[in-house]
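Residue-level structure breakdown
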Amino acid sequence: MRAYSLYLFRRLTQFVLVVFIGMNIAYAVTHSTPIDPVEQTISAATSFGSTSPDVIAKMRQSLRELYGLQGSPWQQYAAFWKRVAAGDFGPSLSAFPTPVSELIARAIPWTAGLLTVSTLLSWALGNLLGGLAGYYRQSSLLRVAGVVAMGLHPIPYYIVAFALLIVFGFVWPVLPITGGAEMNLAPGFGIAFVESVVVHSILPVASLVLVGLGGWFMGMRSLVSNIVSEDYVIYAELAGVDRRRILISYVMRNALVPQVTGLAMSLGAIFNGAIITEQVFGYPGIGSLLVGAVHAGDYSLLLGITAVSIVAVSAAVLLIDLLYPLLDPRVKIG
Amino acid sequence: MFKILRDLLRYNREFAAGVALLGVVILIGAASFFSPYPAADSFVVPPDLAPSWPHILGTTSRGQDVFWQLAFAIRNTLLFGFSVAILSRLISLVVGLVAGYASGIVDRVLMSITDSFIVIPLFPILVMFYFVMRERMSWAWLALAMAAFGWAYDARLIRSVALSLRTREFTQTSIFSGMSMRQILVEEHLPYVLPIVFSTTMNNINWSIGLEVTLSVLGFTNVDTPTIGMMIYWANQHTALVAGVWWWIAFPVALVVITFIGLFLLAVSMNEYIDPRSRLARMGE
């Protein structure tokens, strides 16, 4: 039990460290630029017409407070953390006066749903196929599957998503290519709405799964082909254990452990991919919000999204780490 | 060294295919030095011409020859990938070798930081970086920013090799013969990890080019430097697909996919070469 609590303590420390480093980078990026963000926003706002100097001064004052440029560097730093801890990033500049937190809360379910489904799907599918391909090396069908998965793997998300968009949007338009659901439906758990959400998510999920599959496939295949030559597997084979049972509980079970670690390590990258997918398919999640924030020059929304995504990704990693002992009992015993 | 390369070319189909694909890509990039038109000029040729002689890949709606534009773009994109890879390799080598050799508390601290860098979602931070830099966001700044993030995963890999090198006899011998830590790391351990560094370099170039293309396509980089992503960005701005100017998008996409597959094949074949188990399996075939 002591080993387990030590493990928990280490994971929690890691979680705190990730958030701490991430937030500091975000802070450093926004505060170490040669450009004054306040003057930039003001010049962007005033370029469309003449504004009285009085109004500009007021604007400058409120922006300075918002950007946290008041006081000494230490005070600025403390004020930044106070905002982060409270989850309060002020009102959005582009959707004034809606608070940033409300905009993000509205977008999160879409991204979380899209990510959970596509990550689990590509992870499960990639590991299953990879395990089979590593174990049944002679199967030509699995070899073809391997070539396809590996061929898609190095192509960036954007290009795969774009190809799907062209194929299903222009060449053979059977699936909706933009949005999260039909516009005229009220959100809720009605059948029509859920069905619409599912249909709209097919292409984004498919693009993420297609690209994500190859990595898991290759990892699992090489893990399995190493485990297959272990003594205990050969012994089980000689003892006449059912081949399917060998594959599932002797080989795959052991190969899954590093794959779960891999899943935790790659969550940040998966999140990056989801942002692009959302942008391509016009999905109303965090990614679209982020891109919109940049185009609208909405600094507070941008900072809020960055902070929330750092916390969310590291929390997801922590969750995987906490479930890890279920799979690898050695962690519990120590 | 040359013998290894020659044998790889002869016996490893993936390696040969990767070298061939990359060769084509680099040739196209090198062609940019002979371009009849400057990279940034527009309306130097009639716009919207379909692929035909003398504009073999057609012309864009901005009056640029797609082939020459592509040559500039792939050159910049490759240069970008290489600079990010080299810079981030330096960091990952230092962190990985030191953590593996020093072990103990130094190792634990360095690896916690590394793990944090692996997990932190990079995209929002890069977008934020663009947001504050705006016009000053140049190719070099982006390369620096991405190198600052791209080292972590490979540092972990290098450290795992360095950990096992530490317990080898020659490390003990070096310590007893009075070599400093820096000497041991550079002269004794570095040669052992170089093959891995090479294979991770390919993956890292892929990763950085992929992110650069994505950022450019969304318009989050300097729009004046021609890169593959920038070409796609301008094509999208002119709604090239709807207007039927498909060659403006199809050729950059095809070329970047060729680059990706070439680099990926090189990385895979290097991994196979490094892993003695798969080398044995190959000999058994």
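Residues numbered from 1 in each chain as written. Chains lettered and ligands numbered in written order. Predicted model: local features only at pLDDT ≥ 70, side-chain atom pairs only at ≥ 80, totals over all residues.

1. Here we look at the overall build of chain B
Where we set the bar: Runs of H or I in DSSP of at least four residues are treated as helices and runs of E of at least two as strands, each being numbered from the N terminus. Exposure classes come from backbone-placed C-beta atoms, where a residue is buried if 20 or more other C-beta atoms lie within 10 Å of its own, exposed if 12 or fewer do, and partly exposed in between. Contacts are defined on C-beta atoms placed from the backbone: any two residues whose C-beta positions lie within 7 Å are in contact.
When helices and strands are tallied, chain B shows 13 helices and 0 strands. When the helices and strands of chain B are listed from N to C terminus, the series reads α-α-α-α-α-α-α-α-α-α-α-α-α. Considering only C-alpha atoms, chain B reaches an extent of 70 × 50 × 30 Å along its principal axes. Counting over 285 residues, chain B shows a buried share of 48%. Intrachain contacts of chain B at a sequence separation of at least 6 include 69% that bridge at least 24 residues.

2. Topic: helix 7 (residues 152-166) of chain B
The condition is simple: Given a helix with a known number of residues, its expected span is that number minus one, times 1.5 Å.
With 15 residues, helix 7 of chain B extends 21 Å between its outermost C-alpha atoms, agreeing within 8% with the 21 Å of an ideal straight helix rising 1.5 Å per residue. All of the buried residues in helix 7 of chain B are Ala 152, Tyr 153, Asp 154, Ala 155, Arg 156, Ile 158, Arg 159 and Ala 162 of chain B.

3. Here's the deal with the nonpolar core
Our working rule: The term nonpolar core refers to a set of buried Ala, Val, Leu, Ile, Met, Phe, Trp, Tyr and Cys residues connected through C-beta atoms within 7 Å.
Core analysis: the largest hydrophobic core is formed by 162 residues, its most contacted members being Tyr 158, Ala 161, Leu 302 and Ile 305 of chain A together with Leu 70, Leu 126 and Met 128 of chain B. In terms of residues, this core owes the most to one element, helix 3 (residues 66-102) of chain B, which gives 18 residues. Discounting residues that sit within four places of it in the chain, Leu 302 of chain A has contacts with Leu 290, Ala 293 and Val 294 of chain A together with Met 128 and Phe 131 of chain B.

4. Some words on the interface of chain A and chain B
Just so we agree on the cut-off: Only Asp, Glu, Lys and Arg are considered charged in this grouping, and only Ala, Val, Leu, Ile, Met, Phe, Trp, Tyr, Cys and Pro are considered nonpolar; every other residue, Gly among them, is considered polar.
Listed as interface residues are 40 residues of chain A and, on the opposing side, 34 residues of chain B. For the side of chain A that touches chain B, the elements supplying multiple residues, two or more each, are helix 1 (2-31), helix 2 (37-46), helix 7 (157-171), helix 10 (243-281), helix 11 (286-296) and helix 12 (299-327) of chain A. In terms of residue count, helix 1 of chain A provides more of the side of chain A that touches chain B than any other element does, 9 residues in total. When the residues that make up the side of chain A that touches chain B are grouped by side-chain class, the tally is 28 nonpolar, 12 polar and no charged.

5. What to know about helix 4 (residues 104-119) of chain B
Residues spaced three or four apart along an α-helix point in a common direction, a consequence of the helix completing one turn every 3.6 residues. Across its 16 residues, helix 4 of chain B extends 23 Å between first and last C-alpha, which sits within 8% of the 22 Å expected from 1.5 Å per residue. Here helix 4 of chain B has its buried residues at Leu 110, Thr 114, Asp 115, Ser 116, Phe 117, Ile 118 and Val 119 of chain B.

6. Description of the packing of helix 3 of chain B against helix 12 (residues 247-274) of chain B
Residue and element names in this part refer to chain B. Keep this limit in mind: Fitted lines through C-alpha atoms serve as axes, helices being fitted only where they are in contact, and the angles separating the N-to-C directions of these axes extend from 0 to 180 degrees. In this scheme the crossing of two helices becomes right-handed for a clockwise turn of the near helix relative to the far one and left-handed for an anticlockwise turn of less than a right angle.
Interhelical geometry of helix 3 versus helix 12 gives an angle of 35 degrees and a closest axis separation of 11 Å. You can see that helix 3 and helix 12 cross each other, and the crossing is right-handed. Across the interface between the two elements, Val 66, Leu 70, Ala 73 and Ile 74 of helix 3 pack against Trp 247, Trp 248, Phe 251, Pro 252 and Leu 255 of helix 12. Looking at side-chain class alone, the contact of helix 3 with helix 12 contains 9 nonpolar, no polar and no charged residues.

7. Some words on the confidence of the model for chain B
Note the cut-off: Values of pLDDT, the confidence the predictor places in each residue, fall between 0 and 100.
Averaged over all residues, the pLDDT of chain B equals 83, while 96% of them reach at least 70. Per-element mean pLDDT across chain B ranges from 58 in helix 13 (residues 276-284) of chain B up to 91 in helix 3 of chain B.

8. Some details on the environment of Gly 229 of chain B
All names here are of chain B. With respect to the secondary-structure elements, Gly 229 resides in helix 10 (residues 228-237). Remark: the alpha-carbon pair of Gly 229 and Gly 219, spanning 10 residues in sequence, is separated by 8.8 Å. Discounting chain neighbours no more than four positions away, the residues touching Gly 229 are Glu 212, Val 213, Leu 215, Ser 216 and Val 217.

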